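Spelled out from the first residue to the last, the chains are:
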Amino acid sequence: MSFDELLDQAGGLGRFQIFQLVLFCVTNILTYPHIVLENFTAATPDHRCWVQILDNDTVSGNVTGTLSQDALLRISIPLDSNLRPEKCRRFIHPQWQLLHLNETDTNTAEPDTEPCVDGWVYDRSYFPSTIITEWDLVCESQSLKSVDQTLFMTGSLLGSLIYSLLSDRFGRKVVYLWCLLQLGIVDTAAAFAPTFLIYCILRFWAGLSVATIMINSFLSEWTMSQRKSVGIVLILSSYSIGQMFLGGLAFAIRKWYTLHLAVSIPLLVLLLPSRKLVESFRWLIVRNQLEKGVKELRRVAHINGKKNAEETLTIEFVKSTIQKELDAVQVKPSIFQLFHAPKVIMRTCCLCFFRFSNAVTFYGLVLNLQHLGSNIFLFQVLFGAIMLTASFVSLWTLNYMGRRTNQIFFSFLAGVSILVNTFLPQEMQTLRVSLATLGVGSVSAAITGYVIHQTELLPTVFRYKSIISGFHRIGAIVAPLLMTFLGYSLHLPWIIYGVITLLSGLVILPLPETRNQPLANTIQDVENKSLKENP
């Protein structure tokens, strides 16, 4: 017998597991929006320099009363290369001659201009307020938006490292509840941040807890192995639903601080049902807390309606049942074994680059909806829907294409979609929306294929997941940072996103196909199989 058989006696899929699954799905639907919240709270509206003759109500009506707003704008703000008003410069003095300038006259000297020394005027028709308008994060300060997103992702990386260690030390439940409380309080406080610096600090702090909430181990540790796949699919689906939920919520709530509160306060409410979670039975056993572990196991059995749990699930019975698995847990491969396992190292490096590249592209797309088209609400809902669809499509194609072909195909499809979309004119909105949606869907499908491939490529005893997960989070940090290159070229960040996605498909080529192949359980299994294939 094993852990799974003990869970079966306590109710492998009963009321308790259903309660857990529903609670985690609802929590993730409310947590995921915190990752992409700046799509709306940091949306950049159309803007121009504040000009006294246009925007000062005290200016004499005799001066401007006979001129329209368009005429006053023409003499106050220069035009850019697209013949639209400049967003970051104004004329030093009103250029009255432009009202009577012959369009064929090209000998006129260029008037002197200056930056927006008196501030900006924003178009508030879509968003009455964002952090951009709150702290004037435009023109020379536009890169600060990317810095804010990078800090949040950096917090996510550090939080996954810190709280995973704390979970091993103090238990899963207390750390999970703390992270839920922390995210709810910190992002609620961010809605009242008096300065942009304090806002960034609070968002970094919020990022520390996001990974622990979304990638918790309760589901896997209280669910039997044959039921885990269903739970994982539903959890992944909740991320997509969270995307769509944010799009609808942001459409209804346009003020950034109100939107912050709308996705943060419910997390505090979820603390009440989350207190009913049961500490990980496996963690308690490994930490030599056998009596408490058996007590929690009986509690789950009671919730699931199992009778006579106290008579059947005794300490002696549980201890004798799982002794072999406890011995196996203590046997871990030495780090020195890896020096004699070049195939394992090669596979890990390829998967790390693939995960890093896909994270860069995925977050580059979902964090920058405004650069893809004007209707960011529609993009948000479409991206969530296509991510949900792509996961199931990828699971279907894996059975026909194989693991390796699946990832290569969808990576190339995503890269080509992004590169083509980069050079399309803004006027072709329908085609741009279609290509952007195809791109994010293809990345999601490639990631789904990767999840299956990596579990079949590497031995179950090798602690590779934390290594690859680290590269995924580094990619999430790099993605918004690349948007600072917009100051050099409007196309450069998107070219990088497209090219790195194409490269991610190439690194899969050296990896073996694992469809319908036996799994490797040890490092030696990987090396022995490689020797047979390449004697």
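No experiment lies behind these values; they were computed from the predicted model shown. Per-chain numbering applies: the sequence of each chain, read as written, is numbered from 1 onward. This being a predicted model, a pLDDT of at least 70 is required before a residue's local features are given, and a value of 80 or more before pairs of side-chain atoms are given or counted; all residues contribute to the totals for chains, interfaces and linings. To obtain the side-chain values, all non-hydrogen atoms of the structure were included, while hydrogens and water were left out.

Moving on to the overall build of the protein chain. The numbering of helices and of strands both runs from the N terminus, where a helix is a DSSP run of H or I of at least 4 residues and a strand a run of E of at least 2. Each helix and strand counted, the protein chain has 26 helices and four strands in total. Per-residue burial for the protein chain yields a buried fraction of 50% across its 535 residues. In the protein chain, the share of contacts with a sequence separation of at least 24, taken over all contacts with a separation of at least 6, comes to 79%. Here the protein chain displays about 25,800 Å² of accessible surface, and carbon together with sulfur accounts for 62% of that area. Per-residue accessibility, obtained with a 1.4 Å probe over protein chains only, is compared with the maximum for each type, and a residue is labelled buried under 20%, exposed over 50%, and partly exposed between these values. Contacts between residues were defined by any pair of non-hydrogen atoms, one from each residue, lying within 4.5 Å. The protein chains shown are the only cover counted for residues, whose accessible areas, like all others here, come from Shrake-Rupley with a 1.4 Å probe.

Here A43 shows up in the loop between α3 (38–41) and β1 (47–49). Judged by its relative accessible area of 0%, A43 falls in the buried class. For the pair A43 and Q370, spaced 327 residues apart in the sequence, the C-alpha separation amounts to 7.1 Å. What A43 contacts, discounting residues up to four positions off in sequence, is E38, F127, T130, I132, Q370 and I376.

With that settled, consider the pattern of salt bridges. For this analysis, a salt bridge means a side-chain nitrogen from Lys or Arg found within 4 Å of a carboxyl oxygen belonging to Asp or Glu. Scanning all chains against the criterion turns up six salt bridges. In this structure, R203 engages E38 in a salt bridge whose closest nitrogen and oxygen atoms are separated by 3.0 Å. One end of the pair, R203, is in helix α10 (residues 196–214); the other, E38, is in helix α3, and 165 residues separate them in sequence. No difference in accessibility class separates R203 from E38, as the two residues are buried. Between R90 and D118 there is a salt bridge, with its nearest N and O atoms 2.8 Å apart. In this pair, R90 is assigned in strand β2 (residues 89–91) and D118 in the loop between β3 (113–115) and β4 (120–122), connecting sequence segments 28 residues apart. With a relative accessible area of 9%, R90 lands in the buried category. Salt bridges here are not isolated pairs; linked through shared partners, they connect E38, D187 and R203.

This paragraph deals with the packing of helix α21 (residues 376–401) against helix α22 (residues 403–422). Axis separation between α21 and α22 bottoms out at 7 Å; the angle between their running directions is 125°. Between α21 and α22, the angle is such that the two are oblique. Note that α21 runs across α22; the crossing there is right-handed. Across the interface between the two elements, V393, S394, T397, L398, N399 and M401 from α21 touch R403, T405, N406, F409 and F410 from α22. Note on geometry: axes are lines fitted to C-alpha atoms, helical ones only across the stretch in contact, with angles between N-to-C directions running from 0 to 180 degrees. If an angle is under 35 degrees, it is roughly parallel; if it is over 145, roughly antiparallel; if it lies from 65 to 115, roughly perpendicular; otherwise it is oblique. By convention the crossing between two helices is left-handed if the near helix lies anticlockwise of the far one by an angle smaller than a right angle, and right-handed if it lies clockwise.

Put simply, buried Ala, Val, Leu, Ile, Met, Phe, Trp, Tyr and Cys residues joined by side-chain atoms within 4.5 Å make one nonpolar core. Among the nonpolar cores identified, the biggest contains 94 residues, and I35, I131, Y363 and F383 are the most heavily contacted of them. Among the elements that take part in this core, α10 stands out by supplying nine residues, more than any other. Residue contacts for I35: discarding those within four places in its chain leaves F152, M153, V210, M214, Y363 and L367. Grouped together as the second largest cluster of nonpolar side chains are 15 residues, F354, A445, A446 and Y450 included.

All right, on to the state of the cysteines then. A pair of cysteine sulfur atoms is labelled a disulfide when the two atoms are within 2.5 Å. This structure, assessed with the given rule, holds two disulfides. Across the disulfide, C49 is cross-linked to C116 (sulfur-sulfur distance 1.8 Å). Disulfide C49-C116: the torsion about the S-S bond is -65°, which places it as left-handed. Highlighted residues: C49 in strand β1 and C116 in the loop between β3 and β4, separated in sequence by 67 residues. Accessibility assignment for this pair places C49 and C116 in one class, buried. The disulfide partner of C88 is C139, and the gap between their sulfur atoms is 2.0 Å. Disulfide C88 to C139: torsion about the S-S bond roughly -95°, handedness left-handed. Taken together, the residues span a long stretch of sequence, with C88 in the loop between α6 (69–76) and β2 and C139 in the loop between α7 (131–135) and α8 (144–170) at a distance of 51 residues. Each bonded cysteine of the protein chain is numbered by sequence order, and under that numbering the disulfide pairs are 1-3, 2-4.

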